[in-house]
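# Tertiary structure, described
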Amino acid sequence: MATAGKTQMSAAQAARTTEVMVGITEYASAHKGFRGTLKYRYSDFIVREVSTAKEVVKLSNTSNNIALPPEDVAAAAEAAAVAEAAAVVAAAASGAAAGGGEDSKEEVVAAGAVSAVGVAEMQALVGKELADTIVALVSKAKEAKEESSTDAASDLKAWEVVLEPDADKAKRTAVHKCVRSHFAPLESDSVKVGDALTTAVRIFHPRGNSGQWREGALRGREVPRGGSAERPNKRQRTDKPSDRVDPKYKFVRFTLFKENRDTMGAISELCRITQLPARKFAYAGTKDRRACTAQHVTLPRSDSRHIVGVNRKVKFGMTIGDMMYCTDPLRLGALYGNRFELALRDVEADPAQLKEACDSLGTKGFINYYGLQRFGTSAVATHDIGRAILLDDFATATDLILRPRAGEKEESTGVRERFKKEKNAKKALEYFPRYMHAERSVLEGYAKHGMSSHINAVQNLPRNMRLMYVHSYQSFVWNSMTSARIRLHGLEKAVEGDLVLVDPATEEAAALDDVPMLNDADKDDKDKRWTTAHPKSVRVLTAEEALTTSIFDVVLPLPGTSIEYPSAKGVSKDDYGALMKSDGLDVEKMETKAREFTLAGDYRRILARPDDISWERISYKDPYADLQPSDKDELHGRGAAKVREVAMSGKKQKRMGADAEKDEASQERSEEEIAAMPERTALIIAFTLRSSTYATMCIRELLKEHSEEAALGLRNTGEIAGAAGETGAAGETALET
């Protein structure tokens, strides 16, 4: 069996950062744990962002069309229905007053295709006869669209009206505005007619190069004339604000679905394809690399033309879709949390034991540790780099980022060793792989400013990455102090001297992780605010208050310049100071020479509890088969039933593109061989976690086993040996919601 028993830890695995190294030592409950394999395949981890409106983000279409928000679509439909009804009533009343019969009824129908205001405005501009012709063209277009007719559009002249030449530019402009405001899906332009080439207005139904109906135009989308939704005309600007789209929509939001790629790598790929800088793309949080994830990303509407057709150019493991106009960009931390759907393989537990563990998780929760993803999984932990930065020791910080380390793949080790010998940053940029983002940023800083300019090399890192290092040191301190508090006081109740938030509503509004996404233009003012007064207020519990306070309300601080500390034994300011003093830092002096690294600190609840838990126990045979469908699987018609049928029977399923890699291992065995294998047990568990909470810590509590011991590479052999150790110096903010 591919996952039977625990394999001996390799030297590379032994060199990696472990939970104990970063202060993760305790458990919240006493239920009996069980064995299970976490993240054997990246498809075992499905992570979907949950927006601030508590909507689960899921890839539902890959169209290149940019939609209006649902509320605007509904409002427009309602307004159109009201206008149409009013036009019919008005026309009927007009016909009755004139004593009209059947002829007036036909006029009522024609008027119903366009608002009464639009018809009247056009009649005033071009006369009743031409206005009626234009109204009829609108009705004809809508009827043809409903019948999905494309043959009817073969004669261009049948779908346009050219008005008489008119030298009055103001009048021509008024006609154009009237068409845009009232006669969708028609469009208008100016053409030269006659031997004198005088200017006239042409009103027409738009068509693509292929003669097909232009879906974007019929739906009010921004598709340039002379192009199509799939291939825009390069001579036309698709980012020009559309008259049919409210100018308040200054951004476009899309769903980024990725497989086995980290968020920064996916954004880098988008930058490569679109030729846009990374700062144009905004997102609420980073997602795990070894997973199937879906999250929202925004970019300015003025740049939206660049993402049309992106999916055709992606190399692997990434798809975008669900494009929609929005008013504001995303910011880091602007999410409710994440919805997780996880598959734990080779579970060794009976149904009663699984129920006890899952019920305990739902009621008692888990310790809200910062998971290993916060610190990276390589031999060099990010909090060590952060400690060096807080000490203003930038030479050590860059050395830690660039130095050789155990556990990496051969290519990464080779380039690190070469740079260690040559110390030539410009030359190193020629051979360092593109995926080593942090290392290349540091090298670029050295190449620009010289090999002795260590602070400039650090500051050449992306701002969110620079701050991630110092935040990881704060996280290390928080983990260590939380473990100390639990060892001394347990988790049954609050104790005298514990801290609680005065107003829990401020918890989400001023989260620590909002800071990295601040615009550089705002940096000075924001830094000043965060180093003078913290937006969260806390109070120290008295003995009497502790009796009526829930343990789920207790918080502990991350050290900073604007923090109040608890007075409880083992977690007081003196205790924090003793821990930091061992690292050469002073809890009383958290300011640094580089002001951006001077942090205010934050408060974090010591316990977390997952929402909306559901779970089921399933059987499977093929150890390499997917056990749950991803968003992309469902788009291709592969639902849960189909995926599990394949996992039990070993039937081969043809995949496309990057998905084809999933089947390589299974193809080595015949269906008969897989069908003859013994049945295995898996636990499929789903839950929602709030932002800045780690799923790995939730599963650690469930299994009662250190997450690195349940993860790939420590319990399994084969395909994971390389995958587990390829994290760069930046680490992964994996599964931090």
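## What about the overall build of the protein chain?
The number of helices and strands found in the protein chain is 27 helices and 18 strands. Relative to all contacts within the protein chain whose residues are 6 or more apart in sequence, the contacts with residues 24 or more apart total 78%. By element, 50% of the accessible surface of the protein chain is carried by carbon and sulfur atoms, the whole surface being about 32,600 Å².

## Quick notes on the sheet that holds strand β3 (residues 160–162)
Spatially, β3-β5-β4 is the arrangement adopted by the 3 strands of the open sheet, whose pairing is antiparallel. Each edge of the open sheet is held by one strand with a lone partner, namely β3 and β4 (187–193). Each strand axis lies, on average, 30 degrees off the axis of its neighbour in the sheet, ignoring direction. Direction of pairing for β4 relative to strand β5 (residues 198–204): antiparallel, over a ladder of 7 bridges. The partner of V193 across the bridge, within β5, is T198.

## Some details on the packing of helix α10 (residues 382–390) against helix α16 (residues 463–489)
Running from N to C, α10 and α16 cross one another at 105 degrees; their axes reach a closest spacing of 7 Å. One way to sum up the angle between α10 and α16 is to call them roughly perpendicular. Of α16, the residues touching α10 (which contributes T382, H383, I385, G386, R387, I389 and L390) are R466, M468, Y469, V470, S472, Y473 and F476. A breakdown of the residues in the contact of α10 with α16 according to their chemical character gives 8 nonpolar, 4 polar and 2 charged.

## Focus: the pairing of strand β18 (residues 680–690)
Most of β18 sits inside the fold, with 10 of its 11 residues counted as buried. Across 8 bridges, strand β10 (residues 337–348) lies against β18 in antiparallel orientation. By the bridge assignment for β18, L344 is matched with L683. Relative to β18, strand β17 (residues 611–620) is paired through 8 bridges, and the arrangement is antiparallel. Bridging across to β18, S619 finds its partner in T681.

## Comments concerning the pattern of salt bridges
Per the stated rule, a full pass over the model turns up 33 salt bridges. Taking the shortest distance from any N to any O, the salt bridge between R345 and D44 comes out at 2.7 Å. On the criterion of sequence distance, the pair formed by R345 in strand β10 and D44 in the loop between β1 (35–38) and β2 (45–50) is long-range, its members being 301 residues apart. Among the residues examined, R345 registers a relative accessible area of 1% and is labelled buried. Linked by salt bridges that have partners in common, R48, E341 and D631 make up one network.

## Concerning the sheet that holds strand β12 (residues 499–501)
Pairing is antiparallel in the open sheet, where 4 strands are placed in the order β13-β12-β14-β15. Every interior strand has two partners, whereas the edge strands, β13 (538–540) and β15 (602–605), have only one. Between one strand and the next, the sheet's axes are offset by a mean angle of 50 degrees, whatever the strand orientation. Direction of pairing for strand β14 (residues 554–558) relative to β15: antiparallel, over a ladder of 4 bridges. Its bridge partner lying in β15, V555 is registered against R605. The strands touched by α16 within the sheet are β14 and β15, with β14 carrying the most contacts at an inclination of about 140 degrees.

## Quick notes on the packing of aromatic side chains
Scanning the model with the defined rule gives 10 aromatic pairs in all. Positioned over the ring face of W478 is R604, at 5.5 Å from the centre of the ring. Its end group placed over the ring of F552, R609 keeps NZ or CZ at 3.9 Å from the ring centre.

## Some thoughts on the nonpolar core
Across soluble globular proteins, nonpolar side chains show a tendency to be buried alongside one another. Judged by nonpolar contacts, the single largest core of 101 residues is most densely connected at F34, I389, Y469, L683, F687, I699 and L702. Sorting elements by how many residues they give to this core places α16 first, with 11 residues. Non-local contacts of F34, meaning those with residues more than four positions away in its chain, are made with V347, E348, A349, Q353, L354, A357, L683, L702 and L703. I66, V245, L256 and M318 belong to the second-largest nonpolar core, a separate cluster that totals 23 residues.

## Overview of unusual backbone geometry
Each neighbour pair has its own omega, and for A184 with P185 the value is 10 degrees, a cis peptide bond. Here P185 shows up in the loop between α6 (169–182) and β4. With phi around 55 degrees, N260 is a residue other than glycine that occupies positive phi space. Secondary-structure assignment places N260 in the loop between β6 (251–259) and α8 (263–274). A residue is classified by how much of its surface remains accessible, and N260, at 26% relative accessible area, is partly exposed. With phi around 60 degrees, Q275 is a residue other than glycine that occupies positive phi space. Residue classification places Q275 among the exposed positions, given a relative accessible area of 66%.

## Let's talk about the confidence of the model for the protein chain
Of the residues in the protein chain, 74% reach a pLDDT of 70 or more, and the chain-wide mean stands at 78. Predicted confidence for residues 712–737 stays below pLDDT 50, and this span has 103 contacts to residues more than four positions away or in other chains.

## Observations regarding the side chain of D288
As for its position among the elements, D288 is in the loop between β7 (282–283) and β8 (292–300). Taking the relative accessible area as the measure of exposure, D288 reaches 2% and is therefore buried. Of the polar contacts made by the side chain of D288, one reaches the side chain of K39; its length is 2.8 Å. At 3.4 Å, the side chain of D288 forms a polar contact with the backbone nitrogen of R290.

## Quick look at the environment of V20
Of note, V20 is situated in the loop between α1 (11–14) and β1. Accessibility expressed as a relative area gives 52% for V20, which makes it exposed. For the pair V20 and H706, spaced 686 residues apart in sequence, the C-alpha to C-alpha distance is 9.0 Å.

## Regarding the packing of helix α4 (residues 116–126) against α6
At a minimum axis distance of 10 Å, the contact between α4 and α6 shows a crossing angle of 160 degrees. With respect to their mutual orientation, α4 and α6 come out roughly antiparallel. In the crossing of α4 with α6, the sense of the turn from one axis to the other is left-handed. From α4, V117, G118, E121, M122, L125 and V126 reach across to α6, where they touch K171, A174, V175, C178, V179 and H182. Per-class residue counts for the contact of α4 with α6 are 8 nonpolar, 2 polar and 2 charged.

Conventions adopted
One numbering rule holds for all chains: residues counted from 1, following each sequence as written. It should be noted that, the model being predicted, local features are given only for residues of pLDDT at least 70 and side-chain atom pairs only at 80 or more, the latter also being counted only at that level, while totals for whole chains, interfaces and linings use all residues. In computing side-chain properties, one takes all heavy atoms of the structure into account and sets aside hydrogens as well as water. Secondary structure elements are taken from DSSP: a helix is a run of H or I of four residues or more, a strand is a run of E of two residues or more, and numbering for both begins at the N terminus. By definition, residues are in contact when any of their heavy atoms lie within 4.5 Å. The Shrake-Rupley method, run with a 1.4 Å probe, gives the accessible areas here. Residue values count only the displayed protein chains as cover. Any two strands with at least two DSSP-identified bridges between them are counted as paired. Helix axes use the C-alpha atoms of the stretch in contact, all axes being lines fitted to C-alpha atoms, and the angles between their N-to-C directions lie in the range 0 to 180 degrees. Oblique is the label for every angle not falling under 35 degrees (roughly parallel), over 145 degrees (roughly antiparallel), or within 65 to 115 degrees (roughly perpendicular). For this scheme, ten residues count as nonpolar: Ala, Val, Leu, Ile, Met, Phe, Trp, Tyr, Cys and Pro. Four count as charged, namely Asp, Glu, Lys and Arg, and the remainder, Gly too, count as polar. Relative accessibility under 20% of the residue-type maximum defines a buried residue, over 50% an exposed one, and the middle range a partly exposed one, all with a 1.4 Å probe and only protein chains included. A carboxyl oxygen of Asp or Glu within 4 Å of a side-chain nitrogen of Lys or Arg is what we treat as a salt bridge. Aromatic rings from Phe, Tyr and Trp, with only the six-membered ring used for Trp, were paired whenever their centres fell within 6.5 Å, and each pair was classed as stacked if the ring planes differed by under 30 degrees, edge-to-face if by over 60, and tilted otherwise. We call a charge positioned over a ring when the NZ of a Lys or the CZ of an Arg lies within 6 Å of the ring centre and within 35 degrees of the ring normal. In this description, a nonpolar core means a group of buried Ala, Val, Leu, Ile, Met, Phe, Trp, Tyr and Cys residues linked to one another through side-chain atoms lying within 4.5 Å. A residue's pLDDT is the confidence the predictor assigns to it, expressed on a 0 to 100 scale. For the purposes of these results, a polar contact is taken to be a pair of N or O atoms within 3.5 Å, where, inside protein, one atom must be able to donate a hydrogen and its partner to accept one; residues adjacent in sequence count only when each atom of the pair is a side-chain atom. Handedness of a helix crossing follows the sense of rotation of the near helix relative to the far helix, less than a right angle counterclockwise being left-handed and clockwise being right-handed.

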